[in-house]
Amino acid sequence: MNYRKLLQLPQNCTRRLINHHLSWLGLAASLPLFGMVTAFAVAPGDPHAAAALRQRMVTEKLALPAFTPPATATRYWRSETVNRGDTIARVLNRLGVRDSEARRFLYSSPLSRDLLKLNTGATLAVETSDEGELYALRFLNDDENGEKVLVAIAKQGDQWQASADPLATESIDSLRSITIRRSAPRELQAAGVPREVVVQLADIFADRFALDSLQPGDRIQLVFESLIHNGSPIANGNVLAAEISRGGQWHRAFYFAHDSESGAYYDAAGRPVKKGFSQQPVANYRISSGFGTRYHPVLHSLRMHQGVDYAAAPGTPIIAPADGVISAAETQNGYGKVITLRHNARLSTLYAHMQRFAPGVKTGKPVRAGDVLGYVGSSGRVTGPHLHFEVKLNGQAVDPATAALPAPGLTDAQRVAFAQLSRQLSDKLALLRDTPGMIAQLD
Ligand SMILES: [Zn+2]
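A brief structural summary. (Residues numbered from 1 in each chain as written. Predicted model: local features only at pLDDT ≥ 70, side-chain atom pairs only at ≥ 80, totals over all residues. Heavy atoms only, no water.)

Points about the overall build of the protein
Broken down by element type, the protein carries 9 helices and 22 strands. Taking the contacts inside the protein whose residues are at least 6 apart along the sequence as the reference set, 63% of them involve residues at least 24 apart. Taken as a whole, the protein presents about 23400 Å² of accessible surface, with 53% of it coming from carbon and sulfur. (Helix = DSSP H or I, 4+ residues; strand = E, 2+ residues; numbered from the N terminus. Contact = heavy atoms within 4.5 Å. Areas by Shrake-Rupley, 256 points an atom, 1.4 Å probe, with all protein chains shown as cover.)

See the structure below:
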């Protein structure tokens, strides 16, 4: 129990109390030594003087200074999950916050209406007093660029302040070692491997085997990124390294970033682990914005970007990177002119912000790899012309660069960097191999 909190004492106050206590103990302990001298000084010849004096001094010292209670009321943080249809006002009501000034500020603040719309399932945290007075309010939201931001309002003195800033996060390596007893998906879950990471892992080795084909005795060693904000994990990044022993044969994959926006998986010899599509959706491509949930090394922020953005001139043809069927060709608010392709029962792709569709494009039409779907534009909510490209695996957005796009071979310079990286990651995997059971390590 935190007694300081219980007593509502500020830190320096408590320390003063302890110091007083200690000095009193010191004085009491020294009394028998000095008692006689003092006694003579006060009442010479009186045999009871020393005891009387000792008694009086103790009484005085026990009268500890009166502590004035802190002027500010107790503040504490509480949080509430956002339900479907919730507004900030509704959640504040549920939390018993009765602070009309704060509410007025919130809705007259410079924060955009979109940023104040709560996402179902999000967590709204408030700092209040016992009386329901509001001091601060925080929640996570996505800004118009799909970047995760921390929306916060807080009272500084008498002034309210509002902010929506990219999230300060740090990336740590999470390590897991699992020996299959019954089923890999179930045991990965039991070992605390997040669902998105399991999807990534399954996809990395999808060309070779399915995760649920692993048998008792097979093993999985895994290193993945966890993104930490204020000491709590808030998202997962890439699988950085994985090795799976299946029927006595080891399969290994190491994530290698081609740049800050995308990367792919390579085996220990530097060969791409996945075959991927036969081509990119845009020729002469440059990925201008990679897939989030990952830590952005330059911006030091958390990106929650559902796809990748290709920077390209307006009118550049967008081509189907693989065979499929057009499952939708329509105009949407955010995405503008958008096409969705279904490639098989598990995999679909999406192409947004098109200037226009190619002639003959309509729902239900089969397309072959290389067919033109439309042209790069800036329809929908965008800041400039680009292709926003998404890949969904069993309905979940995955990194197109690692999950579907063709993995380029490594250049000579990249091979040197890869050799160094894979050595470091191999050491971590080896550590896991020699340490059966589940461990997590902060890096
Ligand atoms: Zn995008």
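Once you've had a look at it, read on.
Focus on the packing of aromatic side chains
Scanning the entire structure with this criterion turns up 9 aromatic pairs. Centre to centre, the rings of Phe-105 and Trp-160 are 6.0 Å apart; their planes meet at 25°, and the pair counts as stacked. Taken together, the residues span a long stretch of sequence, with Phe-105 in helix 5 (residues 100-108) and Trp-160 in strand 5 (residues 159-166) at a distance of 55 residues. Taking the centre distance of 5.2 Å and the plane angle of 45° together, the rings of Tyr-351 and Phe-389 count as tilted. Taken together, the positions of Tyr-351 in strand 18 (residues 347-357) and Phe-389 in strand 21 (residues 386-393) put the pair 38 residues apart, joining distant regions of the chain. Each residue in the set Phe-254, Phe-256, Tyr-266 and Phe-418 is aromatic and connected to the rest through ring pairs, giving one cluster. Between the NZ or CZ atom of Arg-75 and the centre of the ring of Tyr-135, over which it lies, the distance is 3.8 Å. Over the aromatic face of Trp-250 sits the side chain of Arg-433, whose NZ or CZ is 5.6 Å from the ring centroid. (Phe/Tyr/Trp six-rings, centres within 6.5 Å; stacked < 30°, edge-to-face > 60°. Lys NZ or Arg CZ within 6 Å of the ring centre and 35° of its normal.)

So, the nonpolar core
Counting residues in hydrophobic clusters, the biggest one holds 37 residues, and the most contacted among them are Leu-188, Val-193, Leu-201, Ile-220 and Leu-222. Secondary-structure elements contributing two or more residues to this core are strand 6 (170-179), helix 6 (184-190), helix 7 (195-204), strand 7 (219-229), strand 8 (232-246), strand 9 (249-257), strand 10 (263-266) and helix 9 (412-434). Considering every element that reaches this core, the biggest residue donor is strand 8, with 5 residues. Val-193 has contacts with Arg-176, Ile-178, Leu-188, Val-198, Leu-222 and Phe-224, leaving out every residue within four places of it along the chain. One finds Phe-277, Leu-341, Met-354 and Tyr-375 within the second-largest nonpolar core, a separate group that totals 32 residues. (Core = buried A, V, L, I, M, F, W, Y, C linked by side-chain atoms within 4.5 Å. Buried < 20%, exposed > 50% of the residue type's maximum accessible area, 1.4 Å probe, protein only.)

Looking at the sheet that holds strand 1 (residues 75-81)
With respect to topology, 5 strands assemble into an open sheet ordered 1-2-3-4-5, the strand pairing being antiparallel. For this open sheet the edge positions go to strand 1 and strand 5, each flanked by a neighbour on one side alone. Direction aside, the axes of adjacent strands within the sheet are offset by 15° on average. Pairing between strand 4 (residues 148-156) and strand 5: 8 bridges, direction antiparallel. Note on strand 5: the bridge partner recorded for Gln-156 is Gln-159. Running at roughly 45° to strand 5, helix 5 makes contact with strand 3 (134-142), strand 4 and strand 5 of the sheet. (Pairing = 2+ DSSP bridges. Axes fitted to C-alpha atoms, helices over the stretch in contact; angles between N-to-C directions.)

Digging into the sheet that holds strand 6
In any sheet, the strands associate via hydrogen bonds between backbone groups, in a parallel or an antiparallel arrangement. One open sheet holds the 5 strands; their spatial order is 6-7-8-9-10, and the pairing between them is antiparallel. Since the sheet does not close on itself, it has two edges, and those belong to strand 6 and strand 10, each with one partner. Here the average twist between neighbouring strands, direction ignored, is 25°. Relative to strand 8, helix 7 is tilted by about 30°, and along the sheet it contacts strand 7, strand 8, strand 9 and strand 10. Relative to strand 9, helix 9 is tilted by about 130°, and along the sheet it contacts strand 6, strand 7, strand 8, strand 9 and strand 10.

Details of helix 5
Along helix 5, the residues that are buried comprise Ala-102, Phe-105 and Leu-106. On an axial view of helix 5, the arc spanned by its buried residues comes to 100°, and they lie on one face. Facing away from the buried side of helix 5 by over 90 degrees, the exposed positions are Arg-104 and Ser-108. On the buried face of helix 5, the contacting elements are helix 4 (88-94), strand 3, strand 4 and strand 5. (Arc of directions from axis to C-beta.)

As for the environment of Tyr-76
Following the sequence through the fold, Tyr-76 ends up in strand 1. Through-space distance from the C-alpha of Tyr-76 to that of Val-126 is 8.1 Å; in sequence the pair is 50 residues apart. If we ignore the near neighbours within four places in the chain, the residues touching Tyr-76 are Val-126, Glu-127, Thr-128, Ser-129 and Asp-130.

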